[in-house]
Amino acid sequence: MAKVGTSFPLGEDNPAQYSFALEYEGPPVSRDLPRAVPINLKQIPVAAVVAQVSVAEKLSLPVVQPIVATDHLANKLSKELTAADSTVSPTSVIENSRETASKELDSASEIAVSPVASGIASGPRGGAKSSGELGSSGALEFSDGNCLSGELSDVVSTAHGLESSLISLEHSRELFNGAQSCSTIEFCDSFGKSGGSSQAFRVSNVGKESIDLDGSNRLDWVSSGSVLSLECPSSPKTGDCSESNNDVRRNPVVTFHDDELDGGLEEEFSRDEQEVRVRRQPQIKGKKGSCYRCFKGNRFTEKEVCLVCDAKYCSNCVLRAMGSMPEGRKCVSCIGFPIDESKRTNLGKCSRMLKRLLNDLEVRQIMKAEKLCEANQLPSEYLCVNGKPLCPEELLMLQTCLSPPKKLKPGNYWYDKVSGLWGKEGEKPSQIISPHLHVGGPIMQNASNGNTQVFINGREITKVELRMLQLAGVQCAGNPHFWVNEDGSYQEEGQKNTKGYIWGKAGTKLLCAFLSLPVPSKSSGSYAEQSNSLLGRSVPDYVGQRMLQKILLVGYSGSGTSTIFKQVKLLYDAVPFSAEERENLKLTIQGNVYTYLGILLEGRERFEEECLSHMRKNRSSGGNGHIENHEEKSIYSIGPRLKAFSDWLLKTMVSGNLEAIFPAATREYAPLVEELWNDPAMQATYSRKNELEMLPTIANYFLERAVDILRLDYDPSDLDILYSEGVISSNGLACVDFSFPQSAPDDYTDSMDHHDSLLRYQLIRVNARGLGENCKWLDMFEDVGLVTFCVALSDYDKYTPDANGSLTNNMIQSRRFFESIVAHPTFDQMDFLLMLTKFDLFEEKIEQVPLTECEWFDDFHPLVSRHHSNSRSNSINYSPTLGQLGFHYVAVKFKRLYASLTGRNLYVSLVKGLEPDSVDAGLKYAREILKWDEERVNFSLSEYSMYSMEGSS
Amino acid sequence: MSVAELKERHKVATETVNSLRERLKQKRVQLLDTDVAGYARAQGRTLVTFGPTDLVCCRTLQGHTGKVYSLDWTPEKNRIVSVSQDGRFIVWNALTSQKTHAIKLPCAWVMTCAFAPNGQSVACGGLDSVCSIFNLNSPVDRDGNLPVSRMLSGHKGYVSSCQYVPDEDAHLITGSGDQTCVLWDITTGLRTSVFGGEFQSGHTADVLSVSINGSNSRMFISGSCDSTARLWDTRVASRAVHTYNGHEGDVNAVKFFPDGNRFGTGSDDGTCRLFDIRTGHELQVYYQQSGINEIPHVTSIAFSISGRLLIAGYSNGDCYVWDTLLAQVVLNLGQLQNSHEGRITCLGVSADGSALCTGSWDTNLKIWAFGGIRRVT
């Protein structure tokens with residue numbers, strides 16, 4: 001904590017300008033100087049805290065050891081304190097406060113009844129135990145108290161043993177600081193938690209590090225404090241930034257404690273108001289109904305109640321005490337704590353007071369937050385189903401099923417999984433919820449405390465139910481055991497045939513209503529239906545956050561990330577592309593085909609030119625016949641109509657507004673394209689497509705079907721979409737939510753699998769450009785669970801100009817990008833999965849171009865048997881192909897690189913973006929890594945290293 | 001002219017420039033015979049000094065669940081819009097510290113937001129390369145989401161910054177990772193002009209921040225990863241009016257001085273600088289030696305309404321309040337006891353200058369205001 005004193009050097013450097021301890025030179029003050037308020041010892045509310053220790057029961061309170069010397073010690077301390085105080089002129093508020101507090105301490109230790117007092121008193125000796133006591137005496141805010149008292153004990157232990165009076169003064173001052181904040185929490189809940197703890201820190205710091213500094217500065221503080229309080233009497237905030245002021249604000253003038261919230265904006269705080277509060281403070285003990293913050297008002301004033309700690313605030317204070325209410329109506333210090341269960345019914349029900357104070361929109365936001373925020377949800381362990389407390393997932397399942405139990409309150413319930421009957425333990429069924437949910441244990445025979453000896457699904461039913469069964473015409477003689485399904489069909493145990501439907505008759509439902517027994521709701525469908533709809537249901541936001549695993553998909557441009565992304569959409573999305581998207585896709589693909597055609601036409605012109613010049617040369621040298629020349633020319637030349645079209649297309653391409661002419665062009669030129677494509681000149685050009693560098697390899701796929709694609713009624717197939725370029729905006733970011741389809745709906749024996757259906761994954765695809773040059777925005781992705789880095793294997797012989805304009809190998813650029821991402825501080829502990837893509841192209845290429853083309857791979861010397869081509873068929877004597885060897889080699893290269901950068905293992909998988917199974921396998925692998933990541937903590941280190949991914953290298 | 005010759009001349013020119021700079025610096029030192037305190041005394045006035053109570057935290061706006069990345073104030077009324085990593089934008093009432101809207105964004109990776117001058121709509125931009133306009137008055141749908149009323153698409157990189165042209169609800173300027181700034185017409189959703197880009201003399205790296213001149217809304221400034229700031233005239237899209245060099249790192253933040261004749265920058269090199277647009281000079285450098293080898297980046301800057309204070313947020317969690325005249329740190333908001341726990345990512349001073357809002361990685365926003373009483377004689 002280097003915070004202490006950092007604002008001081010300024011003042012010391014340049015006292016004329018920044019010192020706030022200036023002597024007061026202004027005109028005579030018209031107001032009264034603050035005067036010491038006479039303190040009545042009996043009115044000091046130290047011991048009263050005990051009344052509120054109800055919360056503390058949850059803590060296992062350390063028992064205070066009876067220390068004989070306690071009183072003596074405390075007395076000594078406080079005596080020292082008062083002695084030290086007397087050396088300073090007791091004119092200012094601070095002095096007054098100090099005196100007050102010391103007396104407080106005094107009286108407390110003398111009386112020695114309250115836990116606060118004993119806690120403090122035993123502090124120097126009792127250490128942590130006493131601090132625990134101190135904390136719990138804070139009653140309302142025990143975490144705060146604990147933290148603070150922890151610090152306190154720390155200080156105490158460091159300061160312990162030092163005999164100097166200065167230290168002990170310091171020490172005791174801290175003590176009463178601590179004590180005071182503890183005792184005041186009770187009245188003053190607005191006291192920020194963080195503020196409290198940081199103050200505690202500060203206090204401890206004072207004790208530990210800068211004791212002498214403190215001592216020497218003490219007088220200065222006092223004077224500066226008093227000057228300040230004179231100078232700005234209406235400001236309750238004499239400063240947050242200096243420790244002197246910190247001390248000032250610790251005095252028992254209550255208003256100072258909510259400074260964290262109010263700050264200086266509130267000029268309405270005037271001195272006299274503070275006086276009033278000081279006077280009022282002791283009285284609130286007797287007055288039960290007053291506001292917890294301003295201590296005004298009575299039982300009949302309208303008040304808002306904190307959902308956690310039951311503190312009540314009047315309309316003046318509620319906004320300050322509750323701040324921005326991120327979790328609804330809670331004191332600032334209560335944020336994050338579960339609500340008082342008795343107030344659950346009030347959740348989301350707005351009071352008139354809030355409506356008056358805030359506008360409609362604001363109230364709506366608060367109520368929404370109150371109902372939906374995670375901290376306010378029913379804690380799952382409070383719910384027992386069939387004698388087994390629920391885990392959060394089970395509760396979630398219960399709440400998100402098709403017909404969830406209404407008005408879930410903490411308590412014990414029974415649940416008949418077969419029929420969906422649901423009720424409170426020991427009572428008749430209250431509702432029929434969705435059956436077959438995996439919540440709680442098996443149902444018990446005496447779940448509803450029946451005594452009829454008639455059983456439904458292993459539960460002895462109650463008299464009312466039996467009555468209903470009898471009236472519904474079910475034969476109940478002989479204490480039968482029934483087996484009732486969710487649709488109401490019942491059979492006797494051990495028999496196959498269905499005997500009838502309980503709720504089949506209209507009269508039964510009426511009867512049930514009369515006996516207040518449940519009937520199945522209409523919506524409850526079969527199990528399979530449910531599990532499907534579960535995926536589509538909108539789960540609460542906080543659940544969504546927890547259940548969503550994010551996978552980041554990055555790669556250098558051209559590394560196949562978009563293909564994988566599209567494949568995922570096609571694989572897992574029920575509706576991969578909406579009608580609108582499809583229309584856009586169609587236009588994009590058609591535009592691409594036009595571009596390819598344009599490139600071809602350009603090539604054609606070039607070839608024609610070449611051909612002609614070649615001709616001319618031939619003619620000039622050889623002087624062949626005119627007719628032959630004409631024939632030669634016609635191989636690449638086209639008719640005037642097509643020529644016009646070609647010129648027009650090239651012109652629009654050059655001007656760059658190819659997109660603008662759509663979709664009008666399709667209508668007009670579709671027949672023309674057919675003619676063009678069938679023209680021998682085009683076919684001749686197409687056969688020389690390898691000479692056209694501009695033409696991407698993918699173009700073949702589309703050009704072969706150019707005529708089909710450029711029709712008006714063309715509907716892109718999934719494969720077309722996969723192959724097409726630029727479908728997913730290449731400059732931005734795209735994300736898709738998906739979940740792995742359940743393999744089989746009936747294998748619900750494994751509960752883990754069942755939770756998986758709720759687990760959703762989000763694939764976020766970013767390309768290198770979208771991230772910016774130095775990955776400036778990578779920290780936005782700190783919450784992803786796994787980074788998938790794509791590298792195109794076939795890139796090893798491609799060169800593109802890099803940022804500096806020099807031609808660089810694509811593989812090297814990929815590596816550079818990989819390094820920068822791996823080394824990025826955001827991904828410090830992130831797992832990486834390397835997906836090596838475009839293996840099909842790689843296999844072809846490696847036969848022709850050696851892998852050593854890329855300088856990084858110059859030590860690739862594969863041991864390939866000469867007969868590798870036919871050894872593939874020989875399964876016994878299998879030797880890997882050159883492509884596979886190359887893949888393993890590249891994988892190891894990246895693994896080594898990764899290990900040298902991070903010291904961890906890189907996961908590698910081989911993916912062919914165009915094959916759905918391959919992408920599916922790759923993503924399942926990613927899922928395994930994510931799962932493994934969660935479970936890794938359970939394994940010891942040695943096991944982990946054993947588990948490491950050596951297999952793929 | 002051969003390359004060697006050119007290089008030689010370049011070297012000579014660089015030397016000349018450096019010597020001129022040195023002379024300039026000397027001249028400034030020579031001319032600097034007074035300081036603010038002395039001048040004020042000579043004028044018979046009391047020097048305005050700053051104390052620790054000048055800015056105290058008076059509100060904490062809690063509600064985001066992710067890092068806050070950007071915030072903006074409405075010109076009138078006390079409302080703030082903020083966007084966060086949780087993929088929401090929240091509209092706050094700064095006085096009551098309550099939310100009036102909490103809207104889920106279609107793309108969660110949002111970097112910037114802006115309030116329209118009329119306070120009726122909000123613009124957000126982020127990694128999806130689109131600037132989305134939300135009309136706060138339009139009805140929410142079943143899930144409580146607000147429909148996007150206009151998508152401004154056309155950028156080829158992330159939208160790093162956006163600002164409405166003052167007093168014009170229909171125009172907006174964005175800065176983007178595709179090295180350009182764009183002036184948009186919101187009613188049509190089309191680009192009015194593009195500043196920079198491939199064939200023009202624009203930024204050579206990602207634009208990170210834009211700021212429009214408050215007194216002359218035709219001029220705006222942009223800061224970029226190429227460690228320069230450029231001044232643009234919206235009528236002349238073809239080239240920048242002026243390029244301001246000096247920074248040695250990415251310029252993360254630019255902000256016009258309230259009088260519109262100067263602007264401040266904050267950069268990855270840990271400095272803030274003040275430039276004058278009339279002379280093109282760098283007026284002041286604000287740099288605090290932190291002693292540690294890692295230099296904290298400046299993430300965001302803002303000027304007080306008078307311009308006397310420059311507030312700068314740093315990547316290490318500090319937030320210095322600089323005296324613009326003296327280039328001295330008045331306060332460090334980051335080290336006050338009730339300050340943010342994470343780095344401060346965005347800053348904004350309300351239109352009337354009465355309050356400062358900071359957003360931080362600790363998911364909170366805090367409002368700071370003057371906490372004492374000052375008598376100015």
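Residues numbered from 1 in each chain as written. Chains lettered and ligands numbered in written order. Predicted model: local features only at pLDDT ≥ 70, side-chain atom pairs only at ≥ 80, totals over all residues. Heavy atoms only, no water.

Per an unreviewed UniProt entry, chain B goes by the name Guanine nucleotide-binding protein subunit beta-2 and belongs to Rhodamnia argentea. In its Sequence similarities (unreviewed entry) section, UniProt records this for chain B: "Belongs to the WD repeat G protein beta family." (UniProt positions renumbered as here; feature names shortened; annotations may be inferred.)

Named according to an unreviewed UniProt entry, chain A is Extra-large guanine nucleotide-binding protein 1 originating from Rhodamnia argentea. Entered under Subcellular location (unreviewed entry) in the UniProt record, the comment concerning chain A runs "Nucleus".

A.B. asks: Explain a positive patch on the surface to me, please; I cannot follow it from the model alone.
C.D. replies: A surface patch of positive charge is lined by K349(A), K406(A), K407(A), K409(A) and K424(A). By secondary structure assignment, the location of K407(A) is in the loop between α17 (392–400) and β5 (411–415). (Patch = residues over 30% accessible without salt bridge, like charges linked within 9 Å, V, L, I, M, F, W, Y side chains within 5 Å. Areas by Shrake-Rupley, 256 points an atom, 1.4 Å probe, with all protein chains shown as cover. Salt bridge = Lys/Arg side-chain N within 4 Å of Asp/Glu carboxyl O. Lys, Arg positive; Asp, Glu negative; His and termini not counted. Charge placed at Lys NZ, Arg CZ, Asp CG, Glu CD. Helix = DSSP H or I, 4+ residues; strand = E, 2+ residues; numbered from the N terminus.)

A.B. asks: Honestly, the environment of V673(A) in this entry has me stumped. Any pointers?
C.D. replies: Residues and elements named next belong to chain A. Along the chain, V673 falls in helix α26 (residues 664–678). In this structure the C-alpha to C-alpha distance between V673 and Y594, which are 79 residues apart in sequence, comes to 9.2 Å. Setting aside anything within four residues of it in sequence, one finds V673 in contact with Y594, L597, F645 and L710. (Contact = heavy atoms within 4.5 Å.)

A.B. asks: I'm lost on the packing of aromatic side chains in this one. Help?
C.D. replies: Aromatic ring pairs are described here by two measures, namely the spacing of the ring centres and the angle between the planes. Residues and elements named next belong to chain A. Applying the stated rule across the entire model yields 32 aromatic pairs over all chains. For the pair F827 and F832, a centre-to-centre distance of 6.1 Å together with 80 degrees between the ring planes defines the contact as edge-to-face. When its relative accessible area of 1% is taken as the criterion, F827 is described as buried. Look at F832 and you get buried, because its relative accessible area is 1%. (Phe/Tyr/Trp six-rings, centres within 6.5 Å; stacked < 30°, edge-to-face > 60°. Buried < 20%, exposed > 50% of the residue type's maximum accessible area, 1.4 Å probe, protein only.)

A.B. asks: Looking at this structure, how should I read the nonpolar core?
C.D. replies: Considering soluble globular proteins, one finds that nonpolar side chains tend to be buried as a cluster. Residue and element names in this part refer to chain A. Judged by nonpolar contacts, the single largest core of 54 residues is most densely connected at F781, F827, F832 and F894. Mapped onto this core, the elements with two or more residues apiece are β13 (548–555), β15 (760–767), β16 (786–792), α32 (810–822), β19 (831–837), α33 (839–848) and α35 (882–902). It is α35 that provides the largest number of residues to this core, a total of eight residues. When sequence neighbours within four positions are dropped, the list of residues in contact with F832 reads L786, V787, F818, I821, V822, F827, Y898, L906 and Y907. Listed in part, the 36 residues of the second largest apolar core include V593, I599, C611 and F645. (Core = buried A, V, L, I, M, F, W, Y, C linked by side-chain atoms within 4.5 Å.)

A.B. asks: Please clarify how the UniProt feature "repeat: WD" (unreviewed entry) in chain B should be interpreted in this entry.
C.D. replies: Those places that UniProt annotates as "repeat: WD" (unreviewed entry) correspond, in this numbering, to residues 61–102, 152–194, 200–242, 244–285 and 337–368 of chain B. With 0% helix and 50% strand, the stretch residues 337–368 of chain B has end C-alpha atoms that lie 13 Å from each other.

A.B. asks: Would you mind showing me how to read the pattern of salt bridges here?
C.D. replies: Considering all chains together, one arrives at 25 salt bridges over all chains under this definition. Note that R329(A) and E304(A) form a salt bridge whose closest N and O atoms lie 3.3 Å from each other. Residue R329(A) is located in the loop between α14 (318–322) and α15 (352–357), and its partner E304(A) is located in strand β1 (residues 303–305); the two are separated by 25 residues in the primary sequence. In this structure E304(A) comes out as buried when scored by relative accessible area, which is 5%. A salt bridge links R235(B) to D233(B); the nearest nitrogen and oxygen atoms lie 2.8 Å apart.

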